[in-house]
Each structure stands twice: as structure tokens, then as C-alpha cells.
Amino acid sequence: MNTDVSYSLETIDVRGLRVRLYRAGKGEPLLWLHGANGGGWNPFLQQLSSRYEVLAPEHPGFGQSDLPDWFDSIEDMAFHYRDFLDTLGYERVTICGSSLGGWIGLQLALIQAHRVKKLIVSDVAGVHIPGRDSIDPFTLTVPQLTERCFYDTSRLPKTPQLSEMPVEMIRNRAMFARLTWERGCDPKLLHRLGGLSVPVLIVWGRQDELVPLSSGEKLKKAIPDSELFVIDECGHLPYVEKPEDFLNRIASFI
Amino acid sequence: MEIYGFHLMPYMNMPEDFNDKYDSAWVTYSNSNFDPKYGHELYNLYLDELEFCERMGFDGIGVNEHHQTAYGLMPSPNVMAATLARRTTKVKIAILGNAISLRDHPQRVAEEVAMLDVITGGRIISGFVRGIGAEYYSFRLDPTKSKERFFEAHDIIIQAWTQPGPTSYHGKHYHFTHINSWPVPYQKPHPPIWCPSQGSRDTIHFAAERRYPYLQTFSSIPSVKKSFDLYREAAEEFGYTAPAEQLGWSVLIYCAETDARALEEAEEHAAYFFSKHLVMPTDFLFPPGYLPAETHQKTVQSKAGLGTPGAFQFKDLIDRGMLIAGSPDSVRDQLIELNRTLGFGKLNINMHFGNMPHHRTMKNIELLGKHVLPALRAL
């Protein structure tokens, strides 16, 4: 197993918007769409990069990527990734997204299906289930929210209180609010996914408390060419808690 | 100097074990704790207190807007201003302020304030605020857009008041094809606009540019001074020297017969105010994107303790000038001295705070009116 950290870090210009991009590996291109906790490089991506060319940009408004003043929705994100692929000259890629990133990935596949070879989404945010209240991430502090993300709480990363939070984390939190504060889901998503022709692998942590498995089941039902892979003893972030299971399943799916 | 008597109209019968059972008096504090019969009594006592300010020679009386909280029972300040409009005849009625960023239709504010101004024959002062962080939880409005919405809502209201309608407005957040307020305000070009804030640089600049009075609320003396200095500097940049009338200070003041008695009584009510009414999680104060990312950490640190029960010691509140208490002579002398160092031309007195009973509030207003106001007015 190759565990060396060997990515390149660059800032690229996507239609006038500066985006920070982590990139590593050779092979088929795979676009990683991070969740609300922000981008960056991690051991899961490192593993992926031993088989694929991993592109891991920071979404607009997150980390050190720009935020245009008009930019405020998941749709804006999806159109941004169309432009991102154009900028890098990729006609078609496989996409892998976690949580908020999974939502963006589905939206991108809806508007640009021909650009998406295969789609892997995990513990997707934004699925609307009528009559069901999901956990409101904004009524939890960041340490509380982090705790709810994990099945094995002994593995919790240390997170700062509001008064100690670094600027990048503040930006991530504000951008997450900009995208989801007024509505944390898209009531049209499940209806629209009925017409999706891209093969989709849906991965879910069985003990996900933030976005329960029932959302994954709804997605499976809604998307024609999809399969659901449930990981036991795992919370909201399979790529952090169960990377091996996740990676093995990706390998057989792609 | 102009002197105003201001009320928050808090709910006072909070349970003894509030701090054990609840972590917030805002947003999530259940309205099952509100007793309408007691509420009826409170509203009427509070309105009596504000009306009494007129008899005691105050220049104006003030109300404000907060939502889903025991801290203040005025989700609509305009309703309160309307009840006061017909029960007073001379005082100005300061709405401090309407939280205009929370409105999907800011024209409604333009209409209501114009109604009040016409009814009172021009006694309305129209404050504009964007609402505190907790209000963005109550309304579930995107806090990252609150400032932009504030500026646009302001422009729409001014347009509704000053331009013969119908006109249209097309901004980033608001689009209206028919702006045409009936009635238009009694005062020309429009009622005075005040900007209450705890020291936001953007608000200070905005107010200074338009020559709107800036009202600093709930702050220590050093932060009041810092904000006033910023305002004066901004005014110079905009090509004029800010007169004292454009600087207002809003502060808790309590007068009793002697210093000792005033301090003892004020301590009890301040403890209720800071350890019950103001209690909320830090996240409610600073929702994501409510403050610019670059200044977020510093601002959160500067407000440390706010919202946390027991974080403020009474002595600190007194030492930092967040509360002034004493005999009329001593309150008067302190205010004269503070006026010399801070240079404010408007004083907004929170003459009721915490669980202050009616008789003490009335005494406070009477002592202020008879023994403090005459000396201040001469400044």
C-alpha cells in the first residue's frame, strides 16, 4: 500500500474564479467533491491516487477558493464544475462526492450527464423526505456536529470552538450556510433523478446520524441505474471511518 | 443633549430553574413559558412606564424589535409605537429599530412608519437594524446576506418615502416594480433615521456617510469611544465634522435615593438581565457568515461571556460603564463626565432592565426626570 503523500497543489483560473486544486496520481481521471467540512488532501484520496488521477478542488467559497458575489446555490456549484472540467480539458470523468459533495455530484450529473462517466456518492446531503425532520447542522456547535459524524467516537478529530476557529474554517461554515441555511434539501431532486442515465454507486454508513440511511434508500429507488452499498459500524463519513471498504467497492464499481 | 427613555419589555416570570433547564432565552425557549394573562399585565405596566417618561420631561421614548425571546416582547416595534402614538402628545417615538433585513417586503416598514409619522404629526424616529444573530435562526434567513439585504431594504424604504410613486427597484435581493407608499411620511424628506449597533464598522461608515445618528448599544466605555472616534473619522472622510447630535449612547441607568441602595437594587436586576434574558449559545449570537470571516475570531473573542449565565460580575459592569447606578447626584455627575470624554448628543436610557418591578422603574424615571435630565439638557 502506498501511503506517501505526493500531491501537487495549484491555483487554477476557472472563468475568472481562482480555485485551489489538489492533484495526484495517474490513470483515469476522478473528480473528488468534498463535503461541508472543507477540502484538502487526506489518506483516502492518497489511496485513490494509486489507481486514478485524483482531482480534488476546493469548492468556490471554501478554503482558499474565490467566492463570486452572485454564487449561492448547489446549482451554481454544478455549473461551476462544468466550467472546471472545460478549463482542465476533461470531456468526461468519474465523480466521487461525500455528503454536500454528493449532492453537487448528483446535480452536475443532472445538468451535464454526458460529462459524467460514473458517479459515486456517499451519505448525500439534500435529499428531501417529506414529513421527516433531519438534524439541523446549524443548531449544533462544530465539535457537536463532528461527534454526530462518527460511529467510533474514539476517532474524533479535535475541533476548535467558535472563538478559536481559523479563518478557513469560518469561511467553510459560512459557505455551507450560504448554500443550505434557508433550505437544507432540494425537494425536486428525487423527482429529477428518475431521468438520470449515469451509473451511480450510493455508499452509506449504516449508523449515519446526520443523514440517515433512509435517504440512501430513497436515492436508490429514485435513480434507475444505481446500487446501494451500506457499510456497517460507520457514521456520516465512510471515507474517514471505513476507507478500505469504500475503496474496495469503488474499485469493483469503476 | 436629547434624552430618551427606552424599554426592552422583557418577560419577567422566568422559572427559578431556568438556567438548569434551558441554554437559551432565545429561539428555542418554549412559548409554553409565556402566560398571556401575565403578559397582559406586563405590556400595560411597560406602556405606563414609557408614557410616564413624557410627563417627566424626556425628549423621547424608545422601543425595538426582537423575536422568539423572553428578552423582549416586541416582535413588532411598530405595534408598540402605535399604542404609544395616541397616548402621548409631545415626545418623539423612537423605533430602534425595525430589523429591515428580515423583511421580504421592506415596503411594509415604509408604510407602517409613514402611518405612524402621519398619525403623530411627525414625532417618529425610524431606526434601522439588521437583527441580532439569533434572529437569523428564528427567520431561517441566510445570515451571509443580511448586510446586503439591510442596505437594499434601506434604499427601498427611502425611495418609497421620497420619490413620487410608482417607482421600481431592482437590486440583488429585492425586486419591486411598484413602489408607491400610501401614506407618505409627515416629516420631510422623511423621519430621522438612526442606526443602532454594537460597533460594526460597516454600520458606522454607512451612518456617517448619510449623516444618520449612530447609536452605540450595550458596550463598555472604551468600545463606545472607539466607535464614536470611528464615526468622527469617517465623517471627516466624507467631508464634514460630525456634530454631537449624530452620536448616541444607549446604556442601562438606575437611580435610587442613595448610591448604596441604587447599586444594591441594580445588581439584582442586572443579574436577571445578564444571566437570564441574555442567555443564548454563542452560535446564536454569531451564525455562520453573519460577520466577515477575517474579523470573526476577534469579534467573538471581544464579546466573550455574552450569553453565558454568570459570566459578568456586577462590579465589572459598573467599572466598564455598561451600567450606571447611583443617587441622582452621582448619576448626573457621572453622565456629565462621560459626556465630556465621549461627546455624545443623544442619550438613550434603558430605564428598565432584568426583573425590575414597576414601582422601581417609575421611581427611576421620576428621579432621572427631576434631578438628572435638567442638568444634561443644558449640555
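The rules behind the values
Residues numbered from 1 in each chain as written. Chains lettered and ligands numbered in written order. Predicted model: local features only at pLDDT ≥ 70, side-chain atom pairs only at ≥ 80, totals over all residues. Heavy atoms only, no water. Helix = DSSP H or I, 4+ residues; strand = E, 2+ residues; numbered from the N terminus. Rg over C-alpha atoms; globule rule 2.2 N^0.38 Å. Buried < 20%, exposed > 50% of the residue type's maximum accessible area, 1.4 Å probe, protein only. Areas by Shrake-Rupley, 256 points an atom, 1.4 Å probe, with all protein chains shown as cover. Phe/Tyr/Trp six-rings, centres within 6.5 Å; stacked < 30°, edge-to-face > 60°. Lys NZ or Arg CZ within 6 Å of the ring centre and 35° of its normal. UniProt positions renumbered as here; feature names shortened; annotations may be inferred. Pairing = 2+ DSSP bridges. Disulfide = S-S within 2.5 Å. Contact = heavy atoms within 4.5 Å. Buried area = accessible area lost by both parts, 1.4 Å probe. Salt bridge = Lys/Arg side-chain N within 4 Å of Asp/Glu carboxyl O.

As annotated in an unreviewed UniProt entry, chain B carries the name LLM class flavin-dependent oxidoreductase and is attributed to Ferviditalea candida.

Per an unreviewed UniProt entry, chain A carries the name Alpha/beta hydrolase and comes from Ferviditalea candida.

A.B. asks: How would you summarise the overall build of chain B if you had to cite specific residues and measurements?
C.D. replies: In terms of helices and strands, chain B carries 14 helices and eleven strands. Radius of gyration (C-alpha) of chain B: 20 Å, near the 21 Å computed for a compact globule of 379 residues. Once the C-alpha set of chain B is aligned to its principal axes, its extents read approximately 60 × 50 × 45 Å. When each of the 379 residues of chain B is scored for burial, the buried share is 60%. Surface summary for chain B: the accessible area is close to 15,200 Å², and the carbon and sulfur share equals 53%.

A.B. asks: A description of the packing of aromatic side chains should follow, citing residues and the corresponding values.
C.D. replies: For any pair of aromatic rings, the description rests on two quantities: the centre-to-centre distance and the angle between the ring planes. Within this structure, the stated rule accounts for 32 aromatic pairs over all chains. Ring geometry for B:Tyr11 and B:Tyr38: centres 5.3 Å apart, planes at 85 degrees, overall edge-to-face. Placement of the pair is B:Tyr11 in the loop between β1 (2–6) and α1 (18–21) and B:Tyr38 in helix α2 (residues 36–55), with a sequence separation of 27 residues. Side by side, B:Tyr11 and B:Tyr38 carry an identical accessibility label, which is buried. An aromatic cluster is built from B:Trp26, B:Tyr71, B:Phe218, B:Phe273, B:Phe274 and B:Phe312, whose rings are joined through pairwise contacts. Note that B:Arg140 overlies the ring of A:Trp181, its terminal NZ or CZ placed 4.6 Å from the centroid.

A.B. asks: Talk me through the UniProt feature "domain: Luciferase-like" (unreviewed entry) in chain B; I want residue IDs and the actual numbers.
C.D. replies: This chain's UniProt record puts "domain: Luciferase-like" (unreviewed entry) on residues 52–341 of chain B. When the span residues 52–341 of chain B is considered, its composition is 44% helix and 17% strand, and the gap between its end C-alpha atoms is 30 Å.

A.B. asks: Would you mind going over the pairing of strand β2 (residues 17–24) of chain A in detail, with residue names and values included?
C.D. replies: The element β2(A) is largely enclosed, with a buried count of six among its eight residues. Taking the residues that link successive antiparallel strands as the turn, the strand β1 (residues 8–14) of chain A-β2(A) hairpin has two residues, and the phi of A:Arg15 there is positive, at about 45 degrees.

A.B. asks: Any chance you could break down the state of the cysteines for me, citing the residues and the numbers?
C.D. replies: Two cysteines, two sulfur atoms, one covalent bond between them: this is a disulfide. Per the counting criterion, the structure on display carries zero disulfides over all chains. No disulfide involves A:Cys96; its sulfur sits 13 Å from that of A:Cys234, the nearest cysteine.

A.B. asks: Give me the interface of chain B and chain A: which residues, what numbers.
C.D. replies: The partner chain A presents 20 residues to the 20 residues of chain B that form the contact. Overall, the association of chain B and chain A removes approximately 1,900 Å² of surface from exposure, summing both partners, and the carbon and sulfur fraction of that is 55%. Summed over the three residues of chain B that lose the most area to chain A, namely B:Arg140, B:Asp283 and B:Pro288, the buried surface amounts to 31% of that side. Residue A:Asp136 pairs with B:Arg140 through a salt bridge whose shortest N-O separation is 2.7 Å.

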